[in-house]
Structure formats: structure tokens, C-alpha cells
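A look at the structure
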Amino acid sequence: MKNSERLITAAEDIWRQCEQHPFVRGIATGTLEIDRFQFFLLQDYLYLFDYARVFAIGVTKAKDLTSMRVFGGYIKQILDGEMDIHKSYMKRLGISEEEALSVQPALDTLSYTAYMLAESQVGGEAEVLSSILACAVSYEYIARNIVKEYPAAADHPFFGEWVEGYACDEYHAANVELCDLMDSMTIDETRYPHIEEIFLNCSLYELAFWQMSWDKRMGPAL
């Protein structure tokens, strides 16, 4: 089994919980309250800055030009592609970029990004990729399953742009490139458990992010 397939298989149960979460179900059916989506959108926007920094760490950890190009190219995709979805929604919601950047990150957001950055700093290419892939591929998994179950979801007047952005062929192609890079790495079996642990922890952080957004919670869950 390829490295990426092995990781995804290990996280399937967590990803199914993400897909079935009421926040995600609300996007799928078009019934999610806008205030909940706005909370999510702004926290995710802040998250993406540190997510891009993880890719930047990947550039410094890269052992060859191919890896460097993959990590470096994805930084541009985040800053000039994925963030455009957020900026489009911010425009619809009447939120300026200055207002978005003044929002305080929630505790779950801070914890998630701090974990990714820490594991990437102390690890190598595989640790960087493992922390990245949980977010990148789970969003595609969620969006494509939404479209499969609710074919009209991608055409929803409000949530359709989000669904299409993560279900589209371009996003899939970028994820294939990341998975191919992970699959090209030789990971010793003594090292693999930690790589999987990072992937599972980041998948759990994804689940926590959906719950945080559902609750519109800035602090710890009590």
C-alpha cells in the first residue's frame, strides 16, 4: 500500500465523522446558518497563513528540486487560489481584509497551527507532508462526497462556491501532486508510526475545527 493510501485508510473513521458533522451537513443541504459559516470562514482564513508557512518549511526541508517545487508551488496556490474563495465570501458578507485580519484566532485554531508548525520544524519532508495532507485531502473528500450525495450542492447560490472549490479537478490535481510526493518517500517502519500519528492528530484537529465553528467557540470546550 502506498504511503498516502496507508495514512488515509488510518484516518477514514475520523474523516467520516467530519463528513457527517452537522456543520458539514449544513453546507451540503444549504441549511447552515450564515453566522456559523462566517465564524468558520474567518478562522479558516487565519489558519491558511500558518498553513502556507508549513509549506515554506517544506521548501527548507526539501532534499531535491522536485520536492522544493511542489512545496513552493503550493504556497502560491494557497495565497493566490484557496484564499480567493475566502475573499470572495468576505466580499459577499461585507467584511474587509483589514477586518478579517483583526479577528483573534480561536484556541483550536492556534493549537492546530502550532502543532503543524512544531512537527514540521523538528521533522523532515515526511513530517511536513503528513501535517499538510490531513487538511488538503480531507477537504476534497468532504466536498466530493457532498456532491455525490447532493448533486445540486455545487450550484447552491451561497455554499456552492465553497463546495465547487474543493471538489473541482484543479484542487484534486494539486492533492495528487502532494500524495505522489509522499508516495515517493522511503519511510522506515520505525519512523512510520510517528508520521501516522501526525496525520491522525491533524485529522482530529480538522474534526475539532468543524465543532469549534458550529459552536462559534473562541475558547476551550468545557
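Data block above holds the structure.
Thresholds, definitions, all that
- Residues numbered from 1 in each chain as written.
- Predicted model: local features only at pLDDT ≥ 70, side-chain atom pairs only at ≥ 80, totals over all residues.
- Heavy atoms only, no water.
- Core = buried A, V, L, I, M, F, W, Y, C linked by side-chain atoms within 4.5 Å.
- Buried < 20%, exposed > 50% of the residue type's maximum accessible area, 1.4 Å probe, protein only.
- Contact = heavy atoms within 4.5 Å.
- Phe/Tyr/Trp six-rings, centres within 6.5 Å; stacked < 30°, edge-to-face > 60°.
- Helix = DSSP H or I, 4+ residues; strand = E, 2+ residues; numbered from the N terminus.
- Lys NZ or Arg CZ within 6 Å of the ring centre and 35° of its normal.
- Disulfide = S-S within 2.5 Å.
- Expected span 1.5 Å × (residues − 1).
- Salt bridge = Lys/Arg side-chain N within 4 Å of Asp/Glu carboxyl O.
- Arc of directions from axis to C-beta.

1. Brief notes about the nonpolar core
- By size, the foremost hydrophobic cluster in this structure holds 78 residues, and its most contacted members are F37, Y51 and W162.
- Every residue in contact with W162, bar those within four places of it in the chain, is listed here: I27, F37, F40, I85, Y89, Y139, I142, I146 and W210.

2. Some points on the packing of aromatic side chains
- Summed over the entire model, instances satisfying the criterion amount to 28 aromatic pairs.
- An angle of 65° between the planes, with centres 5.0 Å apart, marks the rings of F37 and Y89 as edge-to-face. Residue F37 is found in helix α3 (residues 34-61), and its partner Y89 is found in helix α4 (residues 65-92); the two are separated by 52 residues along the sequence.
- When the centroid spacing of 5.2 Å and the interplanar angle of 90° are considered together, the rings of Y51 and F55 count as edge-to-face. In this pair, Y51 and F55 are both assigned in helix α3, four residues apart and thus about one turn of the helix distant.
- The class for F55 is buried, based on a relative accessible area of 0%.
- Above the face of the Y192 ring, R6 is positioned so that its terminal group lies 3.7 Å from the ring centre.

3. Examining the state of the cysteines
- On inspection of all chains with the given rule, the structure shows zero disulfides.
- Free of any disulfide, C135 has its nearest neighbouring cysteine sulfur in C202, separated by 8.8 Å.
- Relative accessible area serves as the criterion here: at 0%, C202 is assigned to the buried category.

4. Considerations on helix α10 (residues 192-215)
- The terminal C-alpha atoms of α10 lie 35 Å apart, and with 24 residues this matches the ideal 34 Å at 1.5 Å per residue to within 8%.
- For α10, the complete set of buried residues consists of Y192, I195, I198, F199, C202, S203, E206, L207, F209, W210, M212 and S213.
- Immediately downstream of α10, the backbone of K216 shows phi near 50°, a positive value.

5. Some thoughts on the pattern of salt bridges
- Counted according to the given criterion, the structure contains twelve salt bridges.
- Across the pair R6 and E189 runs a salt bridge, and its minimum N-O distance is 2.9 Å. Taken together, the residues R6 in helix α1 (residues 3-19) and E189 in the loop between α9 (169-183) and α10 connect sequence positions 183 residues apart.
- For R6, a relative accessible area of 28% puts it in the partly exposed group.
- Two residues, R217 and D215, come together in a salt bridge whose shortest N-O distance is 2.9 Å.
- A residue is classified by how much of its surface remains accessible, and R217, at 15% relative accessible area, is buried.
- Connected via shared salt-bridge partners are D108, D215 and R217.

6. Side note on unusual backbone geometry
- For K216, which is not glycine, the phi dihedral falls at a positive 50°.
- The topology assignment puts K216 in the segment after α10.

7. Regarding helix α6 (residues 107-122)
- The end-to-end C-alpha separation of α6 is 22 Å, in line with the 22 Å expected for 16 residues at 1.5 Å each.
- For α6, the complete set of buried residues consists of D108, T109, Y112, T113, Y115, M116, E119 and S120. An end-on view of α6 places all buried positions within 150° of arc, on one side of the element. α6 presents Q121 and V122 as exposed residues on the side facing more than 90 degrees away from its buried surface.
- Looking at the buried residues of α6, the elements they touch are α3, α7 (125-149) and α10.

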